[in-house]
Structures are given as C-alpha cells and as structure tokens.
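# Architecture at a glance
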Amino acid sequence: MSPSPAAADSVFLAAARGEAVSHTPVWYMRQAGRSLPEYLKVREGIGMLESCMDPDLVVEITMQPVRRYGVDAAIFFSDIVLPLKAVGVDLDIKPGVGPVVAEPVRTLADVERIPDLTPEHVTFITQAVQGLVGELGATPLIGFAGAPFTVASYLVEGGPSKDHAKTKAMMLGAPDVWDALMRKIAQIASAYLKVQVDAGASAVQLFDSWAGALTPQDYTEHVMPHSSRVLAEAGELGVPRIHFGVGTTNLLTLMGEAGADVVGIDWRTPLERGIELVGDRAVQGNLDPTLVFAPTDVMTARAAQVIEAGRSAKGHIFNLGHGVIPSTNPDQLKKLTDFVHSYPLG
Ligand code: CP3
C-alpha cells in the first residue's frame, strides 16, 4: 500500500499542501489518551508499551478521538520511544513519568549495541496502520517519529530531564559519540516512518519536542543535519512532513529549512510571528492547551484569533500549541472542534 487514496482529497492534506480549504482542518496532539474515559477503560491493567504493540488496541485507541470529535486527522497511537523498544533497547514508559531507559547511552560501544530498525522489528505497526487506514476511510492518518535530539535526550539522560545537561555534555564534549548516536536514531526514525507510510499513513510528524532547549548555533551544528536527513527521506515517500517542537521561537526558521512542509508552532509564539519565521510553508497550531479550562466563550474567542492569524499562512492546520492536558474535559475539545469547523473562512 501507499498513502491512503481515500484521504488524498481531505481538508487536512490540502492545507498541508498549501491549497485553499473550505474550513480550517483541526486535530490535537495527544488527542488519544488520558483525557478520554473510553481510553482509560480499554487501557485498564495494560501497560503503555504493551498497548502500543497490540494492533487491535492501537486501532481502537487511535479511533476514539476521531469518533468523539470528528477531527480532520488521526494520529497513530504509539510513542517516540516505541521503535527503540522494538529493536531491543531496555526501556519502559512509567505512568506519570514518561520513558525510562534502563542503561543510559554514554559511550560509542553503547551506541553500537543498538541495532538498526528493519520492518521485521515492527510488523505489529504495519498491521495496526493497515487496520486503521481501512477504518478511517477518508480521514487521513498521521504517522510520527521522535526526532534525533529529543529521542537522544531520553537515551542519554535515562529518562525525562529539565535541562538535558548530560545530553548537551555529550553533544559538545564527545562529538564522535554524539554523531554516531544521532545517525543511529535518524536511521531508526526514517525506517519507522517508512513502515508507517508504506502501510498507508498520509502524512508524518517529526516530534523534536525538546529542541527548544538548544541555541540556534547548537541546533544548526549538531542537530539540524540529522533531522534534515530524516525529513529528506520522508519527503521521498511523497507525504507532507510536519516538524514540531516546544519553545522553539528561535528555531522556527531553521526547523522549516530542515525540510518541513508544515511547521508546528507552540503557543508561546504568536501565530503571526511563527508564520513570518517559517516563510513559504504551512503552519500547525497553536492554541494554548490550558485554554480548554477557560469558559467556552473565552476559549472560542482565542481560537478565532488563531484561525484569523492562520489566514496569512501558506496553509494552516489548527491544533493546540502542545499536547492535550490529561485533565482536559473532552466536551470542551468537542466544542472547540465544532467551533473551528464552523468558522467561516470566506
Ligand atoms: O494522541 C497522540 O498524540 C498519539 C500518541 C502519542 C503518545 N506519545 C502517547 C503517550 C504521541 C504522538 C507521543 C509522542 C511523544 N512521547 C512525545 C512527543 C510529543 C510531545 O508531547 O511533545 C514525547 C516527548 C514522548 C515521551 C513521553 N511519553 C512523555 C513525555 C510521556 C508522558 C508522561 C506522562 O505520563 O505524563 C509519555 C507517555 C505517553 N505517551 C502517554 C501517552 C498516551 C501516557 C501514558 C499512559 O497513558 O499511561
């Protein structure tokens, strides 16, 4: 299979390509997950990684927000560390904590012990994507991978980190180890995205969530070449590429130049400014995820500002500026989705 033909005319893909649309397409990062009671129910007694490796469960969880909200795209239910687990890295995703790596990567030998990813490592992903594309029909599926820097941060720190100090110490102090690690993760990300697109995903998002911790100089010298390789290879698959990070105002131009068709903007950057910074590319974002806790009319007034700002972009996909907060009331997200869909663009 290749990108789902049924989804080719979707509003989401049209906006990603910079074509005119009838309404602003909308989906939410982390739209599946703990904010949904139906998610909590099917996950009962099943670990996060275990659920990501069960194709039936992945199909069900990915579909839940599509059914509930009628969003314009589904995002594949998985995690950025899943491909590492699939090639044999000893890690877990701890509830309320995030990914935890048993033996953090510190040396060249540690890097060399991580195998390259082949489609055989992730046959359950192929199965889940194929099942999903059948269920989704005309709704496109977004495949994703973690970008080299963000994934390296978990591997080097051994878990979540505020300052990414060990990661940056390796980047600046052991450039040979860093280069090998970034090349390894780029191979894994590229192969993982190809598996998803070959099975029918219509777009890909490269999450460099923690890139905002970097100066533009370090991003350019030590990170961008590796993300660029992943995005270039994804470009050969013929699907739009979305590139997103948090706190990236200083990096948005570079993140576009790395090879993105769509740049994700977090909520701290005014969308108008983000649009200027990314130039001739589409943008995705960027309502503050906490605005769903505000009164509905306040939330929709801010959403209207985001949609209006998005009109000057080459294309605009509405999203939150980062993931859905687990305590979000799904009824508010439904109202937000309906508001974006009914907002007149004419
Ligand atoms: O709906 C979707 O967006 C698809 C699912 C998705 C998950 N992780 C599921 C998940 C996606 C796209 C991711 C990507 C991911 N994972 C990123 C990049 C996106 C971002 O948020 O910036 C990052 C940095 C990770 C690493 C990670 N995994 C974190 C920070 C956490 C949260 C820790 C916590 O519990 O608060 C995870 C775990 C995780 N990934 C959960 C989900 C639904 C929660 C686990 C659970 O439900 O038990």
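Residues numbered from 1 in each chain as written. Predicted model: local features only at pLDDT ≥ 70, side-chain atom pairs only at ≥ 80, totals over all residues.

### A look at the site of the ligand
- Ala32, Gly33, Gly98, Phe207 and Ser209 are the nearest of the 22 residues found near the ligand.
- Partitioning the shell around the ligand into residue classes produces twelve nonpolar, seven polar and three charged. (Near = placed C-beta within 6 Å. Nonpolar A, V, L, I, M, F, W, Y, C, P; charged D, E, K, R; others polar.)

### Description of helix α10 (residues 175-198)
- Compared with an ideal rise of 1.5 Å per residue, which puts 24 residues at 34 Å, α10 spans 34 Å between its outermost C-alpha atoms and is within 8% of the ideal.
- Residue glycine 200 follows α10 closely and has a positive phi angle near 125°. (Helix = DSSP H or I, 4+ residues; strand = E, 2+ residues; numbered from the N terminus. Expected span 1.5 Å × (residues − 1).)

### Looking at the packing of α10 against helix α11 (residues 216-235)
- At their nearest, the axes of α10 and α11 sit 9 Å apart, and the two run at 20° to each other. The orientation of α10 with respect to α11, classified from their angle, is roughly parallel. For the crossing formed where α10 meets α11, the hand is right-handed. Seen from α10, the contacting residues are Trp178, Met182, Arg183, Ala186, Ala189, Ser190 and Leu193; seen from α11, they are His222, His226, Arg229, Val230, Glu233 and Ala234.
- Across the contact of α10 with α11, the residue classes break down as seven nonpolar, three polar and three charged. (Axes fitted to C-alpha atoms, helices over the stretch in contact; angles between N-to-C directions. Parallel < 35°, antiparallel > 145°, perpendicular 65-115°, else oblique. Left-handed = near helix turned anticlockwise from the far one by under 90°. Contact = placed C-beta atoms within 7 Å.)

### So, the sheet that holds strand β5 (residues 203-207)
- Across the sheet, seven strands lie side by side as β1-β4-β5-β6-β7-β8-β9; this open sheet has parallel pairing. Looking at strand neighbours, the two that pair on one side only are β1 (74-75) and β9 (316-320), the edges of this open sheet.
- Pairing of strand β4 (residues 141-146) with β5 involves five bridges; the strand directions are parallel. Paired with alanine 145 across the two strands is leucine 206, which belongs to β5. (Pairing = 2+ DSSP bridges.)

### Overview of the pairing of strand β8 (residues 282-287)
- For β8, a buried count of six out of six residues is recorded, marking the element as mostly surrounded by other parts of the structure.
- In this structure, strand β7 (residues 262-264) lies alongside β8, joined through three bridges in parallel fashion. Following the sheet pairing, glycine 264 is matched in β8 by glutamine 284.
- As for the winding sense of the linkage, the β-α-β connection from β7 through helix α13 (residues 271-278) to β8 is right-handed.
- You can see the chain leave β8, run along helix α14 (residues 296-310) and come back into β9, and the turn it takes is right-handed. (Buried ≥ 20, exposed ≤ 12 C-beta atoms within 10 Å, placed from the backbone. Right-handed = clockwise from strand over helix to strand, strands pointing away.)

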